[in-house]
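Chain by chain, the residues:
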Amino acid sequence: MDEQNIDDLKKEQGKGTNTPPKPFNTWAYLIPLILFMGLYFFTNRDYAVEVTWNKFKREMLTSGDVDRLTVVNKERVEVFLKENKLSQEKYKDVNEFSNTSGPHYFFLIGSIESFESKMEEAQQDLPASEYIEVKYVSRTDWFDNILTVIFPFALIFLFWFLLIGRMGKGAGGKSMFNFGKTTARYRDANSQQQQVSFDDVAGLDEAKAEVKEIVDFLKNPERYTHLGAKIPKGVILVGPPGTGKTLLVKAVAGESKVPFFSISGSEFVEMFVGVGASRVRDLFNKAKAKAPCIVFIDEIDAIGRSRGNAKAFQSNDERENTLNQLLTEMDGFSSNSGVIVIAATNRADMLDRALIRPGRFDRHIYLELPNRTERRAIFNVHLKPLKLSSDLDVDFLAAQTPGFSGADIANVCNEAALIAARNNKESIDKEDFVSAMDRIIGGLEKKSKVISPKERKIVAHHEGGHAVVSWMLKNADPLVKVSIIPRGKSLGAAWYLPEEHQIYTKSQFEDQMCIALGGRAAEELIFNEVSSGALDDLEKVTKLAHTLVAYYGLNEVIGNLSYFDSTGENDRFLGKPYSEDTAQLIDREVRKLIEKMYSRTLEILQKNEGKLIALAKELLRKETLYKNDLEQILGKRKKKENFETVPEPKI
Ligand code: ATP
């Protein structure tokens, strides 16, 4: 990779005026410390041997061997023996390193008074002229003092230093001296790094056309400015995760051949006040110096979230300061200065209005999940480096992956290659891709999960219920396979081949609800008792029914009203845009709709009970049933136009 931090770049160019001094060279601090401690220990080493009072009195004092005593700090008595007595056998424990002048022994005392009275008592038989001389001294151990004073400060300093260093590095900076500096990665226009081109971005034709224009702005600004047009300052890419926003910006950078700064929104945010704003300033100063150039801010919602949120407890002053600085900077450079800011986010609805107004982010490019043709193109890009079997049909792969993002498709290709390698295959075939897709949709197969025979029976009827209902309904997507092998968290699953719709009719929604309720209805029909296995289905059905009633205006009682709020403002004010009566009405209608669909589902299953039982039996035997097996049990599925309308049950 050729990307580098901006400060590294400045250093290289000899402009590194703000390059911080190396803050912490461990040896520079450790060596003097070791020397200092060594010196202390060798000069101040205490060679005196400790004795008890009794031994001192019996062996030294009474035999007249003691020359003098020194009482240090009123607690320690040092014994100096007469030089000519030292050679005696009993003093052989006096350390050989001890200098002959002493002290040779020491003992500790409780108090001066008791020591003096004991001494007097011990020497009472001696003539006064032979009394041992006792000196009182006060001694301070400077090393000890230094340690007690300096050590706590040193410890705090060290802790602080490590903390700051770590935080600086955590944010991508180098140390505390770089706190206010931007952590953006920089890529030079002439970088030799392998660059992404527009050919690497499949599909996204409209988005590509928009961003290609940006490349042109940067390459030939005069073409636009001589007509008086202003070059956009900012472009914001909005779309679900994995739809290729970052990839597209990389392609812009690769094709435009201009300096490129990239940073993530979260890198501005630090726990210290003012750091985010100063990083924004620094980034724009550097970008202006390099103009024409591109600044890419990924995940801009980390700083660009709308200010003045009513949920005050969530507000974050530091983030607001950072955003204000960004707003100021984007106003600050003229549209012809040649800095174009590209931002990407998954949550455009969260962004502050001031940020996305024309004059700042003038252009909004929406990326959608790819349609079938685009998926085919994305597959083609990611299949290129793989060793494929000759009969692999890319169309089949594109058809099997509705709702997949570009990132999901890249993942499927990689997973398929891994699965083929695991099975020691020479090339990757359709089967590997199907396994990879199943794995990504449903999670890993868990054949080893222990399930009791009774539970297996329930799961088989539950999945059979979904399958039978979907087989009998006009608006159901074609069923591909049903399985009772546990995967991820679920104990079984049914795979459909969804058709892509831009809009859904009421009857399509209702059929979807019936299919989801098929599992629970089958349990009730066969076992006369329902289980907890329908949690996911019920969650899906409840959400769908609520959407139908409250958002899509598909309920006769509520009428043509929608309480959907595309601005997200309702969430902020913690309230609902309707009265308590309407809330109750919505609840009632949601409940009524689900009950109606449940009765309809139950009716379908009652009519086909024999088929349901046969299907469950076959599932228990084979674990996974494909379309052919299903056709044998359920008969060929009717063509759409041959379905008669199922009469709606009366509630
Ligand atoms: P997020 O919002 O989560 O950051 P994103 O939209 O920025 O996601 P990218 O990082 O651009 O997504 O895409 C992830 C990966 O998906 C890419 O590295 C690429 O392999 C693949 N991909 C996505 N879209 C496409 C596409 N249109 N063509 C080819 N590959 C794609």
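Description of the structure in this document.

Procedures and definitions
Residues numbered from 1 in each chain as written. Predicted model: local features only at pLDDT ≥ 70, side-chain atom pairs only at ≥ 80, totals over all residues. Heavy atoms only, no water. Helix = DSSP H or I, 4+ residues; strand = E, 2+ residues; numbered from the N terminus. Buried < 20%, exposed > 50% of the residue type's maximum accessible area, 1.4 Å probe, protein only. Contact = heavy atoms within 4.5 Å. Areas by Shrake-Rupley, 256 points an atom, 1.4 Å probe, with all protein chains shown as cover. Pairing = 2+ DSSP bridges. Axes fitted to C-alpha atoms, helices over the stretch in contact; angles between N-to-C directions. Salt bridge = Lys/Arg side-chain N within 4 Å of Asp/Glu carboxyl O. Near = heavy atom within 4 Å. Polar contact = N/O pair within 3.5 Å; in protein donor to acceptor, adjacent residues only side chain to side chain. Nonpolar A, V, L, I, M, F, W, Y, C, P; charged D, E, K, R; others polar.

## Details of the overall build of the protein chain
Per the secondary structure count, the protein chain includes 23 helices and 15 strands. Across the 651 residues that make up the protein chain, the buried fraction comes to 41%. Across the protein chain, every contact between residues at least 6 apart in sequence was considered, and the portion connecting residues at least 24 apart equals 74%. Carbon and sulfur atoms provide 53% of the accessible area of the protein chain, an area that totals close to 36400 Å².

## Observations regarding the sheet that holds strand β15 (residues 624-626)
Spatial ordering of the open sheet is given by β14-β13-β15, a layout of 3 strands whose pairing is antiparallel. At either margin of the open sheet sits one strand with a lone partner, and together these are β14 (493-496) and β15. Looking at each pair of strands side by side, their axes are set apart by 15 degrees on average, direction ignored. On top of the sheet, helix α23 (residues 627-634) reaches β13 (479-483) and β15; it is set at about 85 degrees to β15, its chief contact.

## With respect to the pattern of salt bridges
Scanning the entire structure with this criterion turns up 25 salt bridges. Put simply, R58 and E59 hold a salt bridge, and the shortest N to O gap is 3.8 Å. Here E59 falls in the partly exposed class, since its relative accessible area comes to 23%. The salt bridge involving R363 is made with E210; its shortest N-O contact spans 3.5 Å. One end of the pair, R363, is in strand β12 (residues 361-366); the other, E210, is in helix α6 (residues 205-219), and 153 residues separate them in sequence. By relative accessible area, E210 is classed as partly exposed at 32%. Through salt bridges with shared partners, a single network forms among E618, R621, K622 and D629.

## Notes on the site of the ligand
The immediate surroundings of the ligand are formed by 18 residues, with A202, K245, T246, N346 and H382 found nearest. Between the ligand and G244, the relevant distance is 3.1 Å, taken from an oxygen atom to a main-chain nitrogen or oxygen of the residue. Note that an oxygen atom of the ligand is positioned 2.8 Å from one of the side-chain N or O atoms of N346. A total of 640 Å² of accessible area belongs to the ligand in isolation, and the protein chains cover 79% of it. Residue assignment for the shell around the ligand shows that the elements contributing at least two residues are α8 (245-256), α13 (372-383) and α15 (406-422). Class assignment for the residues of the shell around the ligand results in 8 nonpolar, 7 polar and 3 charged.

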